Amino acid sequence: MIAGITTENTELATVCRIEIFTDELKTEIRNRLAAICHGKDKVEAGSIIASYRETLKVFLNIYANKSEDTRKGMIGELLTHILLLKAFPDYESANPYFNMEEASIKKGFDLIIFDQICGELKIVEVKSGGAGAHGSDRANKALLNTAKNDLKGRLNDNKIHIWMNAINGAKIALSGGKIKDEINRILEECYMEVANEAPDSTSKRVILVSVLYKACAEPISIDATHGKAEQIIGEGLFQEATVFSIQKETWEHIVAFLEQEAAE
């Protein structure tokens, strides 16, 4: 994976513990931040707006104006973009992190993934937070529950703009070709479900992500996380569900690095 990160997997769950914020992880952030925020196609086209320096500035400006909970969520989503696609190299991101209409983080789904092996779209919901007085496994399960409930509600809602944002995001994030065409086809089918007032979460494949800010000395258990995935699948809310859990002591280390990069 990446130096300083311990990863454990089952067929339903992945746990990534960021034990050390290494130079390798910093390099991953440098190399991928612009593509995550703007979409790979815009970066490859050489857009000045999508340069690393400009992306850093916009990201930090957005971060500075957010509440603490939203700040935790912003860093959690950034880590998800990096670690989920690193763990599963056949996944292709189909939406940019930044909102296209205004200088903010995007509205709608946290992340949309195209699995190039099975040719299916997967909707990702990310929830980030601390453990408070609770142990790591209990806090992690609570985050996964929140992700599950929020995504279930969104996928069963008649809000058509969510899918329109997803379609427009895919057009920006991806270069032309068969993968982009297939992603657009699937997204348009989902759009028409909502347009016909027939949204259905049970026809969607999802990845539920938790980002727990707690020292790795009390690690998230892969067994407990796998068990939570089995429980969610047993509820029958989605066509397919897997879970991906990230643990890091604090989000401020990431922000301090980004601020240092912007100042250089």
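Residues numbered from 1 in each chain as written. Predicted model: local features only at pLDDT ≥ 70, side-chain atom pairs only at ≥ 80, totals over all residues. Heavy atoms only, no water.

Colleague: Give me the overall build of the protein: which residues, what numbers.
Modeller: Looking only at helices and strands, the protein features nine helices and seven strands. Against the 2.2 N^0.38 benchmark of 18 Å for 264 residues, the protein shows a C-alpha radius of gyration of 18 Å, consistent with a compact globule. If one aligns the C-alpha atoms of the protein with their principal axes, the spans along those axes are about 50 × 45 × 35 Å. Residue burial in the protein is summarised as follows: out of 264 residues, 51% are buried. Of the accessible surface of the protein, which amounts to about 11,600 Å², a share of 47% is contributed by carbon and sulfur atoms. (Helix = DSSP H or I, 4+ residues; strand = E, 2+ residues; numbered from the N terminus. Rg over C-alpha atoms; globule rule 2.2 N^0.38 Å. Buried < 20%, exposed > 50% of the residue type's maximum accessible area, 1.4 Å probe, protein only. Areas by Shrake-Rupley, 256 points an atom, 1.4 Å probe, with all protein chains shown as cover.)

Colleague: Describe the layout of surface pockets, listing the residues and the values that go with them.
Modeller: By volume, the second largest pocket amounts to about 260 Å³. If you go around the second largest pocket, you meet 14 residues; those closest to its centre are R32, A35, K40, L85 and S93. Where the lining of the second largest pocket is concerned, the elements lending two or more residues are α1 (23-38), α4 (68-87) and β3 (91-93). (1 Å grid on protein atoms, 1.4 Å probe; cavity = no way out; pocket = protein on both sides within 12 Å on 5 of 7 lines; lining within 4 Å. Points joined across faces, edges and corners; volume = space filled by probe spheres on them.)

Colleague: Give me unusual backbone geometry: which residues, what numbers.
Modeller: We note that E197 has phi near 55°; this positive angle belongs to a residue other than glycine. Structurally, the position occupied by E197 is in the loop between α7 (178-195) and β6 (205-213).

Colleague: Describe the packing of aromatic side chains, with residues and values.
Modeller: Counted by the stated rule, this structure contains seven aromatic pairs. Each ring, one from F59 and one from Y97, has its centre 6.0 Å from the other, and the planes form 45°; the classification is tilted. One end of the pair, F59, is in helix α3 (residues 52-64); the other, Y97, is in the loop between β3 and β4 (111-115), with 38 residues separating them in the sequence. The two residues F59 and Y97 agree in class, both being buried. Where Y97 meets F98, the ring centres are 6.2 Å apart and the plane angle is 25°; that geometry is what we call stacked. The class of Y97 is buried, set by a relative accessible area of 0%. The exposure class assigned to F98 is buried, which follows from its relative accessible area of 8%. (Phe/Tyr/Trp six-rings, centres within 6.5 Å; stacked < 30°, edge-to-face > 60°.)

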